[in-house]
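Overview (structure and organization)
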Amino acid sequence: MKLPGKIAIMGGGSWATALAKILLSTQDSINWYMRRPDRIEDFKRLGHNPSYLSGIKFDTDKINFYSNINQAIKDSDTLIFATPSPFLKQHLKKVKTPLSSKIIISAIKGIVSDENMLITDYFAEYYKVPIENIAIISGPCHAEEVALERLSYITIACPDIEKAQKISEIFKNQYLKSSSCADVIGIEYASVLKNVYAIVAGICHGMKYGDNFQAVFLSNAIEEMRNFVDAVYGLDRDITDSVYLGDLLVTSYSRFSRNRTFGTMIGKGYSVKTAQLEMEMIAEGFYGTKCIHEINEKYKVNMPILDAVYQILYEKKSPTTVIKQLTKTFK
């Protein structure tokens, strides 16, 4: 198969919609799987996603819509999964079509929570996709800014660097720069951790800690991220690259960040459950916190920030008390 072949977007949320916009600037047409047929009908009638990023207008003649996941897979060569990580297993349970011959691209910045597995590992182990045929999309790139065509940067990572480079080309346009690398595992873990740290940034914001403190917090967060990622998957990487540090920064301070928003609500006094109920979208960091906390039982990396947010989210400890203790560990 010549990369990328026929491309399918798997998911109907904001990031999936932004990716579809990008791809239709470089491809003649795409396949697009959405779970709900009624949403597809509304999309065709309105010319935009009725639920997410509705300001993006699409030429629907260039989109082949599917509500049948197996038919979408059969008709496609490259599958880009862009669903919240807690729902991935639920979607994949419907899959009867083999995935082993497909190129899988994960645009999911999360982890398979009840398995404590990276998305790429999950596809490799349970769906027998060769690791050299699995790539990820990451970097400081909010869907809302892609919709506005504001200059953004992403990184495509794949164990097969030539495939990463070829995949990278299909995402390049006038408002999106794309690079490639081979650090799939490091970037996946960094993508999970940046959501966790963004929750803490939000909690501190809600508690009225200022910009001076946030700068110190993020300096310590990137150090903690580096220590964990190096322990899990030692590699010659530069943690200050945008795919690591840049993604952490934008997720921690952007108004578009759902993890920061979730944390801010908790910092203002909302309970975890109430904050979740009022959120319109999934805060991936809530699930990532528990997963990384359990994974770190094996590696035993010193991670005071992770431990602090775990205590707040899962042990129901006072954010005021926990954050005050956390500040004593910073330098």
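Residues numbered from 1 in each chain as written. Predicted model: local features only at pLDDT ≥ 70, side-chain atom pairs only at ≥ 80, totals over all residues. Heavy atoms only, no water.

**Concerning the overall build of the chain**
Selection rule: What counts as a helix is a DSSP run of H or I of at least four residues, what counts as a strand is a run of E of at least two, and both are numbered from the N terminus. As a reference, a globule follows 2.2 Å times the number of residues to the power 0.38, and the radius of gyration itself is taken over C-alpha atoms. Any residue under 20% of the maximum accessible area for its type is buried, any over 50% is exposed, and the rest in between are partly exposed; the area is computed with a 1.4 Å probe on protein chains only. Residues count as neighbours in contact if any of their non-hydrogen atoms are within 4.5 Å of one another.
A count of helices and strands for the chain gives 15 helices and ten strands. Here the C-alpha atoms of the chain give a radius of gyration of 19 Å, agreeing with the 20 Å that 2.2 N^0.38 yields for 331 residues. Expressed along its principal axes, the backbone C-alpha trace of the chain runs to roughly 55 × 40 × 35 Å. Going through the 331 residues of the chain one by one, you find that 55% of them count as buried. Sequence-distant contacts in the chain: of pairs separated by 6 or more residues, those separated by 24 or more amount to 69%.

**Let's talk about the side chain of Gln27**
Following the sequence through the fold, Gln27 ends up in the loop between helix H1 (14-23) and strand E2 (30-33). On the accessibility criterion, Gln27 (18% relative accessible area) is buried.

**Observations concerning the nonpolar core**
To keep things clear, this is the line we draw: As used in this record, nonpolar core signifies buried Ala, Val, Leu, Ile, Met, Phe, Trp, Tyr and Cys residues forming a set joined through side-chain atoms within 4.5 Å.
Tyr197, Phe217, Met225, Phe228, Phe262 and Ile292 are the most contacted members of the largest nonpolar core, which totals 55 residues. Of all the secondary-structure elements, those providing two or more residues to this core are helix H8 (184-206), helix H9 (211-232), helix H10 (242-253), helix H11 (258-267), helix H12 (272-278), helix H13 (284-299), helix H14 (304-314) and helix H15 (319-327). Looking at this core, the element that brings in the most residues is H8, giving 13 residues. The residues touching Phe217, leaving out its near neighbours within four places in the chain, are Tyr197, Val200, Ala201, Ile305 and Phe330.

**Remarks on the pairing of strand E4 (residues 78-81)**
Put simply, the test is: One bridge is not enough; two strands pair if DSSP finds at least two bridges between them.
Burial of E4 is two-sided: the residues Thr78 and Ile80 facing one way and the residues Leu79 and Phe81 facing the other way are all buried. With four bridges joining them, strand E1 (residues 7-10) and E4 adopt parallel strand pairing. Within E4, the residue paired with Met10 across the bridge is Phe81.

**So, the environment of Leu245**
With respect to the element layout, Leu245 can be found in helix H10. Classification of Leu245 by relative accessible area gives partly exposed; the value is 22%. Residues Leu245 and Arg226 lie 19 residues apart in sequence; the distance between their C-alpha atoms is 9.8 Å. Once residues lying within four places of it in the same chain are set aside, the contact partners of Leu245 are Ile222, Ile239 and Thr240.

**Remarks on unusual backbone geometry**
The residue Asn116 is not glycine, and still its phi comes out positive at about 55 degrees. Here Asn116 shows up in the loop between strand E6 (111-112) and strand E7 (117-118).

**Section: the sheet that holds strand E9 (residues 152-157)**
Defined as follows: Lines are fitted to the C-alpha atoms to define the axes, a helix being fitted only along its stretch in contact, and any angle between axes, read from their N-to-C directions, falls within 0 to 180 degrees.
The strand order across the open sheet formed by eight strands is E3-E2-E1-E4-E5-E8-E9-E10, and the pairing between neighbours is mixed. Each edge of the open sheet is held by one strand with a lone partner, namely strand E3 (63-66) and strand E10 (176-181). Recorded for the sheet is a direction-independent mean angle of 20 degrees between the axes of neighbouring strands. Where helix H7 (residues 161-169) meets the sheet, its contacts fall on strand E5 (103-106), strand E8 (134-138), E9 and E10, and the angle it forms with E10 comes to roughly 175 degrees.

**Quick notes on the pairing of E8**
Across a regular strand the side chains alternate sides, sitting on one face of the sheet and then on the other. Burial analysis of E8 places five of its five residues in the buried class, the great majority of the element. Side chains of E8 alternate between two faces, with Ile134, Ile136 and Ser138 and Ala135 and Ile137 buried alike. Pairing analysis gives three bridges linking E5 to E8, with the strands arranged parallel. Residue pairing across strands places Ile104 opposite Ile134, the latter belonging to E8. One ladder, built from three bridges, connects E8 with E9; its direction is antiparallel. In the strand pairing of E9, Ile137 is matched with Ile156.

**Comments concerning the pattern of salt bridges**
For clarity, the threshold we go by: What makes a salt bridge here is a side-chain nitrogen of Lys or Arg within 4 Å of a carboxyl oxygen of Asp or Glu, nothing more.
What the rule picks out here adds up to 15 salt bridges. Between Asp114 and Lys89 there is a salt bridge; the shortest N-O distance is 3.2 Å. Of this pair, Asp114 sits in the loop between E6 and E7 while Lys89 sits in helix H4 (residues 85-92), and the two are 25 residues apart along the sequence. Across the pair Arg226 and Glu223 runs a salt bridge whose closest N-O atoms are separated by 2.7 Å. With a gap of three residues between them, Arg226 and Glu223 both fall in helix H9, about one helical turn apart. We classify Arg226 as partly exposed; its relative accessible area is 33%. Each member of the salt-bridge network shares a partner with another, and the members are Lys89, Asp114 and Glu115.

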